[in-house]
Amino acid sequence: MHLILFLVFAGFCLAGAINLLLQGHPINSALSLIVVMTSLAVLYLLLGAEFLAIAQVIVYAGAIMVLFTFVVMLLNAGREERTMGSRVGGVVGFPAVVAILAMIAIVILHMQGLGVARLSDGITSTAELSAVLFTKLLLPFEVTSVLILIAILGAVALAGHDGSKAEERKGEQ
Amino acid sequence: MTIFQFILWSVLKVAVVTVVMLLAVAYTVLLERKLVGRIQNRWGPSRVGPFGLLQPLVDGAKSFLKEDIIPAGVYRPLYLIAPIIALGCALISIAVVPFGEPVSVAGSPHLFQISDVNIGLLVILGVTSIGVYGIALAGWSSNNKYSLLGALRSSAQLVSYELALGLSLVGVVLRAGSLNLRVIVEQQATQGMLTWNIFGGMQFVAFFIYLTAAYAETNRSPFDLPEAESELTGGYHTEYSSMKFAMFFMAEYANMITVGCVATLLFFGGWTSPFGDLIPPPQSMLVHALFPIFWFVLKVFCFLFLYVWVRGTLPRFRYDQLMNFGWRWLLPLAMLNIVAISLWLAYR
């Protein structure tokens, strides 16, 4: 049962990812990315990571991709133009990606002492996950959140700064 | 229980819940038209059947039989799939809602809940957050400026208010120590009304934040900017006709019902009686099983009534007011509420 679900959703995931690259229109690519992310969420769920799965759906498929489509709609981006450079990118890029992924896979497969996760493993409850996050991994967890906070502050500062400068310029004129 | 029994029970439960849900959607529309009629000093629908009770059936037939117009300039694949996404997501989220006490008959799983998942609350949030694509894609693919503006407003509104909505639920989860909707209800049920989250659980601020944010999430008055008739003709569904329009309409009402269910489960004790043990439990098995359903439906009905009442009473927000309110008031209030609840839970 687990294996069938894994094959189905891994297939969805790959198909979405390939479709993302092949589509000419940005909105189709964005929608394919949503398919990739939701099927990844199902794969997480199969591995027993329930909170990670639903966080993937809420945060990535729900919030971040809404912003992507929002931008596509706002800019009214059309079909992308094919230039000489993009053709070269296609010819060189695909083999390069395959090579890099193969290298990463080899390194990971040869690494010792990695934990093992099976498809039929039990569900790790949200309580267990948070217990680990707030005890063993407290420092990295908090540092990451501070990092995101800094990014937010930076974005606000950039947006606000631009606005005030525009007003100054108006005043000068 | 074998896998075939499981599938059989699931299909059965899904079929029953879907039919009941669609009927409820149809009659919520009637309820709204009747109530808004009374608020505006007129009768509302009264011609079809006694008290206009057959009006939803006639409306449905009308939607089916109308001509389905697809405008020339639309982006067809997305134009066609958008109403399906909207209605699909609206109906899926009801799958984790428990309607009554966990009862099992002849080796069946819980009879009054399609699926009892550990992260039920988050599943509802996740499905709702996917539902926004229905509206966004409808507006974009229609190739119409009013539709596009409606869709943009809607996506911005949903992303903004989702934060406040999510944060308002943290207090409830902290008190229950679980994201499972059944556990959240059972933990409120010990002393009847006194231990409901909104009274004994000190969650009244969270409740009002949730209700406000949920009204914005479902695009309902006073936050119905995405379909503000006076500015955008019809908003995101301007170019939709016939059954496709009806699907958006049904999605909106199904979302209202889901919000009512979630509010009932999280703040008003779900299917439990407000009187706790004051009423002795009924002797008959059937009554014992159906009594909780009665309380649940009654509470959800009150929320639907409130929805219509608010729509009949409050004027629409202006767009900048909406954004200011969401980010400058609701979000900080929700964060303060989390801090206050955590302190209360730690030192009570």
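Residues numbered from 1 in each chain as written. Chains lettered and ligands numbered in written order. Predicted model: local features only at pLDDT ≥ 70, side-chain atom pairs only at ≥ 80, totals over all residues. Heavy atoms only, no water.

1. Details of the overall build of chain B
Assigned secondary structure in chain B consists of 11 helices and 0 strands. Relative to the globule expectation of 20 Å for 348 residues, the C-alpha radius of gyration of chain B, 21 Å, shows essentially globular dimensions. Projected onto the principal axes, the alpha-carbon positions of chain B cover approximately 60 × 50 × 45 Å. Here chain B holds 348 residues, and 51% of them are scored as buried. The long-range fraction of contacts in chain B, counting pairs at least 24 apart against all pairs at least 6 apart in sequence, stands at 78%. Only carbon and sulfur atoms are counted for the fraction: they give 72% of the accessible area of chain B, which is about 16400 Å². Each charge sign in chain B was given a centre, from 21 positive and 17 negative side chains, and these centres are 5 Å apart. (Helix = DSSP H or I, 4+ residues; strand = E, 2+ residues; numbered from the N terminus. Rg over C-alpha atoms; globule rule 2.2 N^0.38 Å. Buried < 20%, exposed > 50% of the residue type's maximum accessible area, 1.4 Å probe, protein only. Contact = heavy atoms within 4.5 Å. Areas by Shrake-Rupley, 256 points an atom, 1.4 Å probe, with all protein chains shown as cover. Lys, Arg positive; Asp, Glu negative; His and termini not counted. Charge placed at Lys NZ, Arg CZ, Asp CG, Glu CD.)

2. What to know about helix 5 (residues 145-176) of chain B
The periodicity of an α-helix, 3.6 residues per turn, causes residues three or four positions apart to be oriented the same way. Residue and element names in this part refer to chain B. A rise of 1.5 Å per residue sets the reference length of helix 5, with its 32 residues, at 46 Å; its end C-alpha atoms lie 46 Å apart and thus fit the reference within 8%. Along its length, helix 5 shows its largest kink, about 25°, at Glu162. Within helix 5, 23 of the 32 residues are buried, leaving the element largely enclosed by the surrounding structure. For helix 5, the N-terminal cap is Asn144; the gap from its side-chain oxygen to the backbone nitrogen of Tyr146 is 2.7 Å. Remark: Gly177 follows helix 5 within two positions and exhibits a positive phi of approximately 70°. (Expected span 1.5 Å × (residues − 1). Bend = angle between axes of the 7 residues up to and from the residue. Polar contact = N/O pair within 3.5 Å; in protein donor to acceptor, adjacent residues only side chain to side chain.)

3. Re the packing of helix 1 (residues 3-39) of chain B against helix 10 (residues 285-313) of chain B
Residues and elements named next belong to chain B. Running from amino to carboxyl end, helix 1 crosses helix 10 at an angle of 45°, the nearest separation of the two axes being 9 Å. Classified by the angle between their axes, helix 1 and helix 10 sit oblique to one another. Crossing angle aside, the handedness with which helix 1 passes helix 10 is right-handed. Mapping the contact onto sequence places Thr28, Leu31, Glu32, Leu35, Val36 and Ile39 in helix 1 and Phe301, Leu304, Phe305, Val308, Trp309, Arg311 and Gly312 in helix 10. (Axes fitted to C-alpha atoms, helices over the stretch in contact; angles between N-to-C directions. Parallel < 35°, antiparallel > 145°, perpendicular 65-115°, else oblique. Left-handed = near helix turned anticlockwise from the far one by under 90°.)

4. Quick look at the side chain of Asn219(B)
All names here are of chain B. Looking at the secondary structure, you find Asn219 in the loop between helix 7 (204-217) and helix 8 (229-232). With relative accessibility at 3%, the residue Asn219 sits in the buried group. Residues in contact with Asn219, not counting those within four places in the same chain, are Ile135, Ser154, Gln157, Leu158, Asp224, Pro226, Glu227, Tyr236 and Glu252.

5. Quick look at the packing of aromatic side chains
Residue and element names in this part refer to chain B. This model, assessed by the stated rule, comprises 23 aromatic pairs over all chains. On the numbers, 5.2 Å between centres and 70° between planes, the contact of Phe207 with Phe268 is edge-to-face. With Phe207 in helix 7 and Phe268 in the loop between helix 9 (242-267) and helix 10, this pair connects stretches of sequence that are 61 residues apart. Judged on exposure class, the residue Phe207 and its partner Phe268 are both buried. When the centroid spacing of 4.2 Å and the interplanar angle of 10° are considered together, the rings of Tyr215 and Tyr307 count as stacked. Linking Tyr215 in helix 7 with Tyr307 in helix 10, this pair joins segments that are 92 residues apart in sequence. Of the two residues, Tyr215 and Tyr307, both sit in the buried class. (Phe/Tyr/Trp six-rings, centres within 6.5 Å; stacked < 30°, edge-to-face > 60°.)

6. A look at the interface of chain B and chain A
Taken together, the contact between chain B and chain A spans 22 residues of the former and 23 residues of the latter. Carbon and sulfur atoms make up 79% of the surface buried where chain B meets chain A, a total of about 1900 Å² over both sides. Three residues, Tyr133(B), Trp140(B) and Leu152(B), lead the burial of chain B against chain A; their summed loss comes to 31% of the area buried on that side. At the boundary of chain B with chain A, the tally comes to 0 salt bridges. Linking chain B with chain A are 4 residue pairs in polar contact (both at pLDDT 80 or more). Taken together, the elements giving at least two residues each to the side of chain B that touches chain A come down to helix 4 (120-141) and helix 5 of chain B. When residues in the side of chain B that touches chain A are grouped by element, the largest group, 11 residues, is from helix 4 of chain B. Its residues placed into classes, the side of chain B that touches chain A shows 18 nonpolar, 4 polar and no charged. (Buried area = accessible area lost by both parts, 1.4 Å probe. Salt bridge = Lys/Arg side-chain N within 4 Å of Asp/Glu carboxyl O. Nonpolar A, V, L, I, M, F, W, Y, C, P; charged D, E, K, R; others polar.)

7. Overview of helix 6 (residues 181-188) of chain B
All names here are of chain B. Of the residues making up helix 6, those classed as buried are Leu181, Arg182, Ile184, Val185 and Gln188. Burial along helix 6 is one-sided: seen end-on, the buried residues are contained in an arc of 160°. The inward-facing, buried residues of helix 6 contact helix 4, helix 5 and helix 9. N-capping of helix 6 is provided by Asn180, with a side-chain oxygen placed 2.9 Å from the backbone N of Arg182. (Arc of directions from axis to C-beta.)

8. Here we look at the confidence of the model for chain B
Low pLDDT means the predicted atomic positions in that stretch should not be read closely. With 98% of its residues at a pLDDT of 70 or more, chain B has an overall mean of 83. Across the interface, the model reports ipTM at 0.78; the global pTM reads 0.84. (pLDDT = per-residue confidence, 0-100.)

9. Side note on the pattern of salt bridges
All names here are of chain B. According to the stated counting rule, one finds 7 salt bridges over all chains in the structure shown. Two residues, Arg311 and Glu32, come together in a salt bridge whose shortest N-O distance is 2.7 Å. Within this pair, whereas Arg311 is found in helix 10, its partner Glu32 is found in helix 1, the two being separated by 279 residues in sequence. Between Asp320 and Arg318 there is a salt bridge; the shortest N-O distance is 2.9 Å. Within this structure, Glu32, Arg220, Glu252 and Arg311 form a network of salt bridges that share partners.

10. Focus: unusual backbone geometry
Residues and elements named next belong to chain B. For Asn143, which is not a glycine, the phi torsion comes out positive at approximately 60°. By the element assignment, Asn143 lies in the loop between helix 4 and helix 5. Owing to a relative accessible area of 56%, Asn143 belongs among the exposed residues under this scheme. Its identity is not glycine, yet Ser242 carries a phi of approximately 55°, on the positive side. Along the chain, Ser242 falls in helix 9.

11. A few points about a nonpolar patch on the surface
Residues and elements named next belong to chain B. Among the surface-exposed residues, Phe275, Leu278, Ile279, Leu286, Val287, Leu290, Phe291, Phe294 and Leu298 lie close enough to one another that they form a single nonpolar patch of about 850 Å² accessible area. As for its position among the elements, Leu290 is in helix 10. What makes Leu290 partly exposed here is its relative accessible area of 44%. (Patch = residues over 30% accessible without salt bridge, like charges linked within 9 Å, V, L, I, M, F, W, Y side chains within 5 Å.)

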